[in-house]
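What follows is each chain in one-letter form.
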Amino acid sequence: MKALAKLFSSERWVYFLLLLTFLAYIPAINNTFQENWDDGKFITNNEFIKELSLPAVKKMFSFSLGIDYYHPLTTLSHAIIYRFAGLNPVPYHLLNIIFHLLNILLVYKFIRRLHSRPEIAAVVAMIFALHPMHVESVAWVVELKDVMYAFFYFASLLAYTKYLQEKNTRFFIYSALLFVLSCMAKPAAISLPVTLLALDLYMNRRLVLKDLVMKLPHFALAAFFAYTTIRLQGNVGALDMIPHFGMTDRLFMVCYSVMFYITRYFAPLGLSALHLYPEEGKTLPLVFFLAPLFLAALGYFLHRMKELRREIIFGACFFVCTTALMLQIVPAGMAIVSERYAYVSYVGLSFMFACIVAFLFNKAALKPYLQYLPLAIALVFIPYTYMRCKVWKDGVTLFTDVVKKEPGRDYPHYALGVAKGMKGDLVGAIASYNESIRLNARNAEAYNNRGNALQSQNRDYDASIADYDKALAIRPDYVNACFNRGTAKEMKKDLEGAVMDYYKTLELDPKYTKAYFALGNLHGAAGQDSIAVLHFTSAIILEPRSSEAYLKRGFAHYNLQQARQACADWQKAAELGNGEASQYLSQYCR
């Protein structure tokens, strides 16, 4: 027992914890991308990470990428990995794990600065390292932004505690710079200025005007990143994805969300990649109405712990500050809660928990046994974390798990259908779409994707067109369904109908590149090469690195007896890696 106490009083045991954590996350290294669940948008289909040049990096740090978050450091990191490893998922997963290991060290050092007892830091670090709620942040490639922003967030807190202890302004500047980097990894870092005020209270036990004035630049930066995020999410429609609930229901939802994160901290059961809003138009489940009573009872219990008031206030402030932005007060997306949002905030809960347990153990003369608590936590959490990593293996395993948790909701079946379709299981995909439509006959995306699967499976163009019609009846502005219906009509040789759908697609979205390309092909096949040139040119303007568009425009120019323009297009297509263009260059452009 003395040896164990000595171990926790040094920092050597942390390296053993890092080894345990790496072993718990080993399954994640062999996982694939979740292409149907954001990895496609941000990595595998993200053209911005496929070029690592000064203009490309400048664009990453601009606000014109057309995505719902401003996280240039994360995008740059993915671009660097892509430069050296392409789309091999292993290095992407390894980087997430490495950041998580670094965060464990930072959390341990941060808590050691806050509290004199090493067991407190040991408990907090152990929970942070191995809690199953953190698997989503570490095992999901796209959540590099989570573990990266946390790295700079904890580093900023560590620098600020050193500033408070040594009164050296240099560390305050370091803290501010790290805050900017944290925001550039993920805007959730905007909670840091309020967390710093809580740290002031904890370490100085009082706030003075100087503390507030010094943090005005922090609050200004936080406001800027908050505004930018809300604007970007509005631009891509993320704020329109949620059901509509009244203000009273939303208050109960906020209480439920807080209760969810607290209860899952102590009992991480029923974990899922997706925790959907309650069904719209129905009375909220009873648990939502019980949530305020739960929080009131918990608040009363904590209020009674007067001996630990300072620790409880700081831990509660840390938890609330880092969770508040995720409570759907400004609603976005389709999930009422997400497990990744607990990644940073659980440090506050863990600090309160460790301090309370240490106090109770001392009171009951159980102090020697406190040394065993970190090991007990590890034994409980490691197997669960290991198995949760396997759930994130690919889209099929992930959404099979979600369907088990939410069998009566349409979206999980739809998402499982998408994952099956991406793996070539069209029969399974159609079955999942059928179930999604059975549960919600107004799921336009399910009709659209079932139409795609029917086209690919057995060339049933009539059935697929019927599905696209249903999707467009539900959502007349559904661009993908309109284009896909045009494709089905083209394959059915209804060329006039196909052209009408492609032009309708461009009415809905003038930047829909595939529609320009399809119209170029159809007009070219009809001998209307001058019109084909216009459409291929539009496609090239939107996608300057499309070798196929240059190749096809070269054909149209050649048919119009514009040999010089044709050869220039084939030359550009060849430079972009199109082998067919090289053949035409040697044959017609000597």
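Residues numbered from 1 in each chain as written. Predicted model: local features only at pLDDT ≥ 70, side-chain atom pairs only at ≥ 80, totals over all residues. Heavy atoms only, no water.

1. Quick notes on the state of the cysteines
Right, so step 1: All chains considered together, the criterion is met by one disulfide.
Right, so step 2: Paired by a disulfide, Cys567 and Cys589 hold their sulfur atoms 1.9 Å apart. Classification of the bridge connecting Cys567 and Cys589 rests on its S-S torsion, roughly -90°, and on that basis the disulfide is left-handed. In this pair, Cys567 sits in helix 30 (residues 563-575) while Cys589 sits in the segment after helix 31 (579-588), placing the two residues 22 residues apart along the sequence.
Right, so step 3: In this model Cys317 remains outside any disulfide bridge; the closest cysteine sulfur is found in Cys321, 5.7 Å from its own.
Right, so step 4: According to the relative accessible area criterion, Cys317 is partly exposed, its value standing at 29%. (Disulfide = S-S within 2.5 Å. Helix = DSSP H or I, 4+ residues; strand = E, 2+ residues; numbered from the N terminus. Buried < 20%, exposed > 50% of the residue type's maximum accessible area, 1.4 Å probe, protein only.)

2. Re empty space enclosed by the protein
Right, so step 1: Applying the stated criterion across every chain, the model contains three cavities of 30 Å³ or more.
Right, so step 2: The element best represented in the lining of the second largest cavity is helix 6 (residues 72-85), accounting for three residues.
Right, so step 3: For the lining of the second largest cavity, the residue count by class is three nonpolar, five polar and one charged. (1 Å grid on protein atoms, 1.4 Å probe; cavity = no way out; pocket = protein on both sides within 12 Å on 5 of 7 lines; lining within 4 Å. Points joined across faces, edges and corners; volume = space filled by probe spheres on them. Nonpolar A, V, L, I, M, F, W, Y, C, P; charged D, E, K, R; others polar.)

3. Some remarks on a nonpolar patch on the surface
Right, so step 1: A grouping of Phe16, Leu19, Phe22, Leu23, Ile26, Leu94, Ile98, Leu102, Tyr372, Leu375, Tyr386 and Met387 is seen on the molecular surface, where their side chains present a nonpolar patch of about 990 Å² in accessible area.
Right, so step 2: Secondary structure elements with two or more residues in the nonpolar patch: helix 2 (12-24), helix 7 (89-114) and helix 19 (373-391).
Right, so step 3: If one sorts the elements of the nonpolar patch by residue count, helix 2 sits on top with four residues.
Right, so step 4: With respect to the element layout, Ile26 can be found in helix 3 (residues 26-29). (Patch = residues over 30% accessible without salt bridge, like charges linked within 9 Å, V, L, I, M, F, W, Y side chains within 5 Å. Areas by Shrake-Rupley, 256 points an atom, 1.4 Å probe, with all protein chains shown as cover. Salt bridge = Lys/Arg side-chain N within 4 Å of Asp/Glu carboxyl O.)

4. Some points on the environment of Val124
Right, so step 1: Note that Val124 resides in helix 8 (residues 118-130).
Right, so step 2: Through-space distance from the C-alpha of Val124 to that of Tyr411 is 36 Å; in sequence the pair is 287 residues apart.
Right, so step 3: Leaving out residues up to four positions away in the same chain, Val124 has contacts with Val107, Ile111, Val347, Ser350, Phe351 and Ala354. (Contact = heavy atoms within 4.5 Å.)

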